[in-house]
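A closer look at the structure
Below, each chain spelled out in residue letters.
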Amino acid sequence: MEAGSVAATQARKEAICMQILLEELGHKQEKVALNEVKNRVIVEDIKALQLITAIKTPYLLDGKFDLEAYDALINLQIENGVEGMIVGGSTCEGQLMTWDEHIKLIGHTINCFGGSIKVIENTGSYSTSEAIHATEQ
């Protein structure tokens, strides 16, 4: 497969994933009043963004998050024009986290960077009930 075809296929996959995310956020928006959740990102906010990236979650040797390295990665993204960040597993490490770790990372990101970028929380799961529970957190 040629590089252009691979890139086009990847772009289509990313577009499909973003559409699913936008639809999920739209359904979530209907269920929760906007002022009930700090830094809520709504579909219109996401559609207005020009650059959204998925952030890698760095770890320390003991298996805990390396928040210093994580913050440096986010700051580098912001300095280079990123307007939105998908946090907590878009690079596949989300399945390795406990839900407590997942929520901690999302909370850290919102508290530290929510004023500078739109934070899109990846609360997907192989279990629908777990995904709903995580989203409600």
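Above this text sits the structure in question.
Reading guide: rules and limits
Residues numbered from 1 in each chain as written. Predicted model: local features only at pLDDT ≥ 70, side-chain atom pairs only at ≥ 80, totals over all residues. Heavy atoms only, no water. Pairing = 2+ DSSP bridges. Helix = DSSP H or I, 4+ residues; strand = E, 2+ residues; numbered from the N terminus. Axes fitted to C-alpha atoms, helices over the stretch in contact; angles between N-to-C directions. Contact = heavy atoms within 4.5 Å.

**Let's talk about the sheet that holds strand 2 (residues 84-87)**
- Pairing in this open sheet of 3 strands is parallel, and the strands run 1-2-3 from one edge to the other. Because the sheet does not close on itself, it has two edges, and the strands there are strand 1 (52-54) and strand 3 (118-121). Neighbour-to-neighbour, the strand axes of this sheet turn through a mean angle of 25 degrees, independent of strand direction.
- Examined bridge by bridge, strand 2 and strand 3 share 4 bridges and lie parallel to one another. Looking at strand 3, one finds that G84 is bridged to K118.
- Its contacts with the sheet place helix 4 (residues 99-113) against strand 2 and strand 3, and it is angled at close to 170 degrees to strand 3.

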